[in-house]
Amino acid sequence: MKKCLLFLVSVWILFSFNQRVEASGVDNKNILILNSYNSGFQWTDDQTDGILSSMSDRSADYNISVEYMDWKRFPTQENLNNIYDNLKDKYASQEMDVVICTDDAAYFFALQNRSTIFSDAPVVFCGVNETGLSQASGEKNFTGVLEQIEPEETIKAALKINPSIENIYLIYDNTESGISTGELCIEVAKTIDPSLNVISLNQKSSSDIITLLSNVDQNNSMILVTTYFTDVDGTSINHQSFCEKLSSTTSVPIYHLYDFGLGYGILGGYMASGKDM
């Protein structure tokens, strides 16, 4: 199951878009898809595929560029500086009609630098939650789709399947998005039932998590996987491989908040879809 929420900030963004095209005197529209993460990361690939497939259904001609910030693997100021120099060299002299951003890093980067790199183009985002949106206070001429995960529905569904659940083993990493997602899940679980014991595993290595969960009682436990792409020491994790290995070593049902976990040993969950978003 999926859920997305359209958040309209500037109703005149389409008028701005059309005026740019008319002013240029050409039919082609220059569009940049700026991704926070790397190519090969399924969430990003799904969002990009969704954007491109939507554009392919339109009659207009587009000059589409796709860029990747690789922020999950390289969340450093040095990386941001390199990205700035690279994109400024490529796009500062080009009239950009719209910048489409996937997830927070690209969204913030585009808002902060659109006047110097992207000809002050309108910004459209997806994969940004309400917390991220609130950090853009004072900005204008942007719109997008809010990412809304549903840990409440997932936990309630698990409790319907197994009312004996007492322990929720919560898997998330220590990135900004991982911590915020983990905190939300803990808060939601306590709201549903204060007696639920939520065990956060963000301070354990991926191998230690697998070892621990291989010995957990399946009769009174569930596993909830959220944003988990970086090990406790900062090294990158292949999320799908981790889920497969976890499911092969534990008898505890595994639930997930994103559909890129499907097909890798996940029982289910109320999942967000990057492509639909």
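Located above this text is the structure these notes cover.
Sequence order sets the numbering: in each chain, residues are counted from 1 along the sequence as written. Restriction of local features to residues with pLDDT of at least 70 applies here, the model being predicted, together with a cutoff of 80 or more for giving and counting side-chain atom pairs; totals for whole chains, interfaces and linings are based on all residues. Hydrogens are left out, water is left out, and the side-chain values use all remaining heavy atoms of the structure.

J.: I'm lost on the sheet that holds strand β7 (residues 167–171) in this one. Help?
T.: Sheet strands pair via backbone hydrogen bonds, and the direction of the pair is either parallel or antiparallel. Think of it this way: DSSP has to see at least two bridges between two strands before they count as a pair. Here a helix means four or more residues in a row that DSSP labels H or I, a strand means two or more in a row labelled E, and each is numbered from the N terminus. Pairing is parallel in the open sheet, where 4 strands are placed in the order β8-β7-β9-β10. Because the sheet does not close on itself, it has two edges, and the strands there are β8 (197–200) and β10 (254–256). Averaged over all neighbouring strand pairs, the angle between strand axes comes to 25 degrees, with direction disregarded. Direction of pairing for strand β9 (residues 221–225) relative to β10: parallel, over a ladder of 3 bridges. Its bridge partner being in β10, L224 is matched across the sheet by Y255. Every residue pair with non-hydrogen atoms within 4.5 Å of one another is taken to be in contact. Note on geometry: axes are lines fitted to C-alpha atoms, helical ones only across the stretch in contact, with angles between N-to-C directions running from 0 to 180 degrees. Each of β7, β9 and β10 touches helix α6 (residues 151–161); the most contacted strand, β10, lies at about 155 degrees to it.

J.: How should the environment of A158 be read in this particular structure?
T.: By the element assignment, A158 lies in helix α6. Remark: the alpha-carbon pair of A158 and M222, spanning 64 residues in sequence, is separated by 7.6 Å.

J.: Would you explain the environment of I64 in this entry?
T.: Along the chain, the position of I64 falls in strand β3 (residues 62–68). As for I64 and N30, which are separated by 34 residues in sequence, their C-alpha atoms are 6.2 Å apart. Excluding its chain neighbours within four sequence positions, the residues that come into contact with I64 are I31, I33, L52 and M55.

J.: Just checking my understanding: could you explain the nonpolar core for this structure?
T.: Looking at soluble globular proteins, one finds that nonpolar side chains tend to be buried together. In terms of nonpolar packing, the biggest core is built from 53 residues, with L34, V99, Y107, F118 and L224 touching the most fellow members. At 7 residues, the largest contribution of residues to this core is made by helix α4 (residues 104–117). What L34 contacts, discounting residues up to four positions off in sequence, is E67, M69, L87, V99, I100, C101, T102, A106, F109 and A110. In this structure, L201, I209, Y228 and M271 belong to the second largest nonpolar core, which totals 18 residues. Take the buried Ala, Val, Leu, Ile, Met, Phe, Trp, Tyr and Cys residues and link them wherever side-chain atoms come within 4.5 Å; each set so joined is a nonpolar core. Here the term buried applies to any residue with accessible area under 20% of the maximum for its type, exposed to any over 50%, and partly exposed to those in between, with areas from a 1.4 Å probe on protein chains only.

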